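# Structural description and commentary
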Amino acid sequence: MINPTSLLNPDAFLSPLVIDEAVQRALDEDLGRAGDITSFATIPEATKAQAVLVARQSGVSAGLPPALATLRKLSPDIEVRAQVRDAALVARGQQLLTITGPARAILTAERTALNFVGRLSGVATLTADYVARTEGTRMRICCTRKTTPGLRALEKYAVRCGGGFNHRFGLDDAILIKDNHIAVAGGVSAVLERARAHAGHLVKIEIEVDTLAQLREVLDTGLADAVLLDNMDLATLREAVRINEGRLKLEASGGVTLDSIAAIAATGVDYASAGALTHSAPNFDCALDIEA
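Residue numbers run consecutively from 1 along every chain, following the written order of its sequence. Under the rules for a predicted model, residues below a pLDDT of 70 receive no local features and side-chain atom pairs below 80 are neither given nor counted, while totals for whole chains, interfaces and linings still include all residues. Excluding hydrogens and water, the side-chain values take into account all heavy atoms of the structure.

Here we take up the nonpolar core. Buried Ala, Val, Leu, Ile, Met, Phe, Trp, Tyr and Cys residues that are joined via side-chain atoms within 4.5 Å together make up what is termed a nonpolar core. Three labels apply to residues, based on accessible area from a 1.4 Å probe with only protein chains included: buried if under 20% of the type maximum, exposed if over 50%, partly exposed otherwise in between. Judged by nonpolar contacts, the single largest core of 61 residues is most densely connected at Tyr 130, Leu 192, Ile 207, Leu 215, Val 218, Val 227 and Leu 229. Helix and strand definitions here come from DSSP, where helices need a minimum of 4 consecutive H or I residues and strands a minimum of 2 consecutive E residues; each element is numbered from the N-terminal end. Here the element with the most residues in this core is helix α4 (residues 103–132); it accounts for six residues. In this description, contact between two residues means that some pair of their heavy atoms is separated by no more than 4.5 Å. Ignoring any residue separated from it by four or fewer positions in sequence, one finds Val 218 in contact with Val 188, Leu 192, Ile 207, Val 209, Leu 223, Ala 224, Val 227 and Leu 248. If you look at the next biggest cluster of nonpolar residues, it comprises 27 residues, including Ala 49, Ala 88, Ala 103 and Ala 113.

Before going further, it helps to examine the sheet that holds strand β12 (residues 286–291). Any two strands with at least two DSSP bridges between them are considered paired. In spatial order, the strands read β3-β5-β1-β12; together these four strands make up an open sheet with antiparallel pairing. What marks the edges here is a single partner per strand, and that holds for β3 (79–82) and β12. Direction aside, the axes of adjacent strands within the sheet are offset by 20° on average. In terms of strand pairing, β3 meets strand β5 (residues 95–102) through four bridges, oriented antiparallel. To obtain an axis, a line is fitted to C-alpha atoms, over the contacting stretch when the element is a helix, and the angle between two such axes runs from 0 to 180 degrees between their N-to-C directions.

Take the packing of aromatic side chains next. Two rings from Phe, Tyr or Trp (for Trp, the six-membered ring) form a pair when their centres are within 6.5 Å of each other. A pair whose planes differ by under 30 degrees is stacked, one over 60 is edge-to-face, and the rest are tilted. Scanning the entire structure with this criterion turns up zero aromatic pairs. Looking at Lys 156, its charged tip hangs above the ring of Phe 169, at a distance of 5.4 Å from the centre. A ring has a charge above it when a Lys NZ or an Arg CZ is no more than 6 Å from the ring centre and no more than 35 degrees off the ring normal. Directly above the aromatic system of Phe 13 lies the positively charged group of Arg 160, at a separation of 4.1 Å from the ring centroid.

Further remarks concern the side chain of Thr 108. In this fold, Thr 108 is placed in helix α4. Looking at Thr 108, the relative accessible area reads 11%, which means it is buried. One polar contact links the side chain of Thr 108 to the main-chain carbonyl oxygen of Arg 104, over a distance of 2.9 Å. A 3.5 Å cut-off defines polar contacts: any pair of N or O atoms within that distance qualifies, except that in protein one atom must be a possible hydrogen donor and the other a possible acceptor, and neighbouring residues in sequence count only when both atoms are side-chain atoms.

Moving on, we come to the pattern of salt bridges. In a structure, side chains of opposite charge can pair up when their charged atoms sit close to one another. What counts as a salt bridge is simple: a side-chain nitrogen of Lys or Arg found within 4 Å of a carboxyl oxygen of Asp or Glu. Summed over all chains, the structure comprises eight salt bridges. In this structure, the salt-bridge partner of Asp 289 is Arg 56, at a minimum N-O distance of 4.0 Å. With a gap of 233 residues between them, Asp 289 in strand β12 and Arg 56 in the loop between β1 (48–55) and β2 (59–60) connect regions that are remote in the sequence. Note that Arg 196 is salt-bridged to Asp 225, the shortest N-O span being 3.3 Å. You can see Arg 196 sitting in helix α7 (residues 188–198) and its partner Asp 225 sitting in the loop between α8 (212–221) and β9 (226–230), a full 29 residues away along the chain. Take Arg 196: its relative accessible area is 32%, and that puts it in the partly exposed class. Since its relative accessible area comes to 26%, Asp 225 is described here as partly exposed.

Below, the discussion takes up unusual backbone geometry. Most peptide bonds take the trans form, and the phi angle of most residues other than glycine is negative. For Asn 231, which is not glycine, the phi dihedral falls at a positive 55°. Considering the arrangement of structural elements, one finds Asn 231 in the loop between β9 and α9 (234–244). With phi around 55°, Glu 245 is a residue other than glycine that occupies positive phi space. Mapped onto the elements of the fold, Glu 245 is located in the loop between α9 and β10 (249–253).

Turning our attention to the pairing of β10. With respect to burial, β10 is a largely interior element, four of its five residues being buried. By the bridge criterion, five bridges tie β9 to β10 in an arrangement that is parallel. When the bridges of β10 are listed, Ala 226 appears paired with Lys 249. For crossovers, right-handed means that the path from the first strand over the helix to the second runs clockwise, given strands pointing away from the viewer. Crossover β9 to β10 through α9 is right-handed.

Burial runs high along helix α3 (residues 64–74): nine of the eleven residues are buried. The set of residues buried in α3 consists of Leu 64, Pro 65, Pro 66, Ala 67, Leu 68, Ala 69, Thr 70, Leu 71 and Arg 72. The elements touched by buried residues of α3 are α1 (16–31), β1, β3, β5 and α4.

Read from one edge to the other, the open sheet built from six strands follows the order β6-β11-β10-β9-β8-β7, with strand pairing classed as parallel. Each end of this open sheet is capped by a strand with a single partner; those strands are β6 (140–142) and β7 (175–177). Each adjacent strand pair in this sheet contributes to an overall mean axis angle of 25°, direction not counted. In the packing of α9 onto the sheet, the strands contacted are β9 and β10, and the crossing angle to β10 comes to about 170°.

Turning to the packing of α7 against α8, a few remarks are in order. At a minimum axis distance of 10 Å, the contact between α7 and α8 shows a crossing angle of 40°. Judged by the angle between their axes, α7 and α8 are oblique. Here α7 and α8 pass one another in a crossing that is right-handed. Between α7 and α8, the contacting residues are Val 188, Ser 189 and Leu 192 on the first element and Gln 214, Glu 217, Val 218 and Thr 221 on the second. Roughly parallel means an angle under 35 degrees; roughly antiparallel means over 145; roughly perpendicular covers 65 to 115; every other angle is labelled oblique. Here is the rule for handedness: rotate from the far helix to the near one, and if that takes an anticlockwise turn smaller than a right angle the crossing is left-handed, while a clockwise turn gives right-handed.

This is how it looks when you write it as structure tokens:
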């Protein structure tokens, strides 16, 4: 029998506890108090079935481990043969999983399993499109915290399946000083001094700037590790790279789209972050077909 973690992208970490929690939450939502009354009413208990999970479009696979975990949680007797694992390039019509076992469990798991694969493969596929447009540059494309509530770890994992990189996971793993922090704290220098005084030796500090004057002030303090260049046009991004002279990591943010990403990468910034990777990824078209 296949363990869900064996289907993970080997180059992208994801805790099995996160998978289990997400699957349990999704099944609780779908099954309610009485379970799948349609399958129980129409399918005899002893009935067996075989089904295939099929991609109905080309793209990058992701979400197979939670799909498998969904099936296994409903019946330990389900057997799965995997044709691919997460982060694979798949073609339209390609079979991803072959599933055999109790028919009731397969039918009950169908929508939840497809939701995981459709959502996460959609994120991975869109990310791969962004990454492809930065080929030949050193820039990395990153996601943001603009994720579906409760699915952040899974969606950020899907970004990695698509060849992207993760920004911070939450408010507790890095200091990111935004414009409102600067305004309340009394300016760039003041807010950086306070941040550096409180940051542990392993905590990075990034600060958002809107102008080149602010960037120069950040550089003069020597207290930041990275600078987020917010909504700057291409000419300003290029000038920011020149002023920085490689001292700090530079991240472009705001207006980062599929149409603009190649030009942003060509400016020489180190990173670009796009909320669209997670908040606007189209669902990946896939299906679970019962084989006669």
